[in-house]
Amino acid sequence: MKYDIKDIKFAPKGNKRILWAEKEMPVLRQIKENFLKEKPFKGKRISACLHVTTETANLAIMLQAGGADIYLCASNPLSTQDDVAASLVKNYNIPVFAVKGEDNKTYYEHINAVLDIKPQITMDDGADLVTTILLKRKDLIKDIIGGTEETTTGVVRLRAMAKDKVLAYPVIAINDALTKHFFDNRYGTGQSTIDGIIRATNVLLAGKVVVTAGYGWCGRGFAMRAKGLGAHVIVTEVDHLKAIEAAMDGFEVMPMKEAAKKGNIFVTLTGNLNVIYGNCFPLMKNGAIICNSGHFNNEIDLKTLKKISKSVKNVRDFVDEYTLKNNKTIFVLGEGRLINLAAAEGHPASVMDMSFANQALSVQYLVKNYKNLEKNVYVVPEVLDNEIARLKLNSMGIKIDNLTREQKEYLNSWKSGT
Ligand code: ADE
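Overview of the structure.

Notes on helix α10 (residues 240-248)
Moving on, step 1. You can read the cap of α10 off the contacts: a side-chain oxygen lies 3.0 Å from the backbone nitrogen of Leu241, and it is on Asp239.
Moving on, step 2. Of the residues one or two after α10, Gly250 is the one with positive phi, at around 100 degrees.

Put into structure tokens, the structure is as follows:
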């Protein structure tokens, strides 16, 4: 079996952690039981480009349980958990091509390695797999029945492909499922971003001014949790509606250039580039900490920061100290890559349980329905989203009321008013 990982000797630790995560993934466990019986993916080759974490391991193992031949590479050069990669290879016979800290060239070699199996299904987190296929490996398209996409940034790229009429097969936007973004983007990113900042710096958030760039689902989650830890939170936005929402949620809202002067800690969660731009850095307080929790490492203009700095040195794992020509220091965490996966372990298993249940059921849906789908971006069918919500709530031991017949009729009628 071909693979490329850091060290196979890490496997025992990885396996313990994979099993630990599984305890918090009851929805995935239930779906896996069905997959074991029904083998819906028998003979199907799946190329997956996802963050190589304990949670992803559980997804890969369940797809394999359903009969799939799955090959996995990383969806970010800095997010791989090397012990998990080792365990997948050694304990589960799943080929993995991912090494934490790999350079861009290796990152794309790994993408190409998982594509060499000529997949029928692709699973992406950020759309690098689909993009590589469209730009460099068009020969693979004829075998592909469909794909899935995990994250907001990837869905934005796919919609741009569909608009340009270059998307070559149907892709399901996992991110847009309610049981994904309500929980993963908000509570997952909220907690794991804080976790990444704290693991990298051990800084106290209470009393700090924390600038949150972006007030989408991820920004909302992060701002809420930072406030809960005693930070004073400032939000920057480009969208009027989201800015009103942030203000009404009790946060100060202002442009980045003003926030730059006030913040102690800056976090970008926008999906856009150069959100903290060149002119902002000299305005920042001495010792400001900046990091990113969006998918790509382009939200902070590090090129300009480097240009206006007289020195850069690593002062701690995942912390680089930039000394500006004006003698101020700025600390950049995780090279501007997503801090929750670079310095911490990503979202907790309990939320990934729902995100990856959407992945698993969507792959099954593709296998059953691909002949009726166009070369377009699809939402996760509502019945699957609802079923995942039902299973999750059940697993949490929470019961809710049911609509009575009278209430159902009332909701379907329009005649009774005041
Ligand atoms: N994205 C964010 N957190 C993640 C995790 N724990 N596993 C896989 N993908 C993730």
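Comments concerning the sheet that holds strand β8 (residues 232-236)
Moving on, step 1. With mixed pairing, the eight strands of this open sheet are ordered in space as β9-β8-β7-β10-β11-β14-β13-β12. Looking at which strands have only one partner, the edges of the open sheet turn out to be β9 (252-253) and β12 (309-316).
Moving on, step 2. Pairing of strand β7 (residues 209-213) with β8, which is carried by five bridges, proceeds in the parallel orientation. Directly across from Val210, in β8, lies its bridge partner Val233.
Moving on, step 3. Across the sheet, helix α9 (residues 217-228) is in contact with β7, β8 and β10 (265-268); its angle to β7 comes to roughly 170 degrees.

Comments concerning the sheet that holds strand β6 (residues 171-173)
In sheet architecture, strand pairing relies on hydrogen bonds along the backbone and comes in two forms, parallel and antiparallel.
Moving on, step 1. Judged by pairing direction, the sheet is parallel, and its seven strands sit side by side in the order β3-β2-β1-β4-β5-β6-β15 without closing on themselves. For this open sheet the edge positions go to β3 (96-97) and β15 (377-379), each flanked by a neighbour on one side alone.
Moving on, step 2. The strands touched by helix α5 (residues 104-115) within the sheet are β1 (45-49), β2 (69-73) and β3, with β2 carrying the most contacts at an inclination of about 175 degrees.

Re the site of the ligand
Moving on, step 1. His51, Thr53, Glu55, Thr56, Leu341, Glu345, Gly346, His347, Met352 and Phe356 make up every residue found near the ligand.
Moving on, step 2. With respect to the ligand, the backbone of His347 contributes an N or O atom lying 2.8 Å from a nitrogen atom.
Moving on, step 3. With the chains in place, 94% of the 260 Å² that the ligand exposes on its own is no longer accessible.
Moving on, step 4. When residues of the shell around the ligand are traced back to their parent elements, those giving at least two are α3 (54-65) and α14 (349-369).
Moving on, step 5. Looking at the shell around the ligand residue by residue, the classes come out as three nonpolar, five polar and two charged.

Focus on the environment of Leu135
Moving on, step 1. With respect to the helices and strands, Leu135 occurs in helix α6 (residues 128-136).
Moving on, step 2. On the basis of relative accessible area, Leu135 is assigned to the exposed category, the value being 66%.

Describing the environment of Lys6
Moving on, step 1. Tracing the backbone shows Lys6 in the segment before α1 (11-22).
Moving on, step 2. A relative accessible area of 52% means that Lys6 is categorised as exposed.
Moving on, step 3. C-alpha of Lys6 to C-alpha of Val99: the two residues are 93 residues apart in sequence and 5.4 Å apart in space.
Moving on, step 4. Dropping the residues within four chain positions of it, Lys6 is found in contact with Asp82, Ala98 and Val99.

The rules behind the values
- Residues numbered from 1 in each chain as written.
- Predicted model: local features only at pLDDT ≥ 70, side-chain atom pairs only at ≥ 80, totals over all residues.
- Heavy atoms only, no water.
- Polar contact = N/O pair within 3.5 Å; in protein donor to acceptor, adjacent residues only side chain to side chain.
- Helix = DSSP H or I, 4+ residues; strand = E, 2+ residues; numbered from the N terminus.
- Pairing = 2+ DSSP bridges.
- Contact = heavy atoms within 4.5 Å.
- Axes fitted to C-alpha atoms, helices over the stretch in contact; angles between N-to-C directions.
- Near = heavy atom within 4 Å.
- Areas by Shrake-Rupley, 256 points an atom, 1.4 Å probe, with all protein chains shown as cover.
- Nonpolar A, V, L, I, M, F, W, Y, C, P; charged D, E, K, R; others polar.
- Buried < 20%, exposed > 50% of the residue type's maximum accessible area, 1.4 Å probe, protein only.

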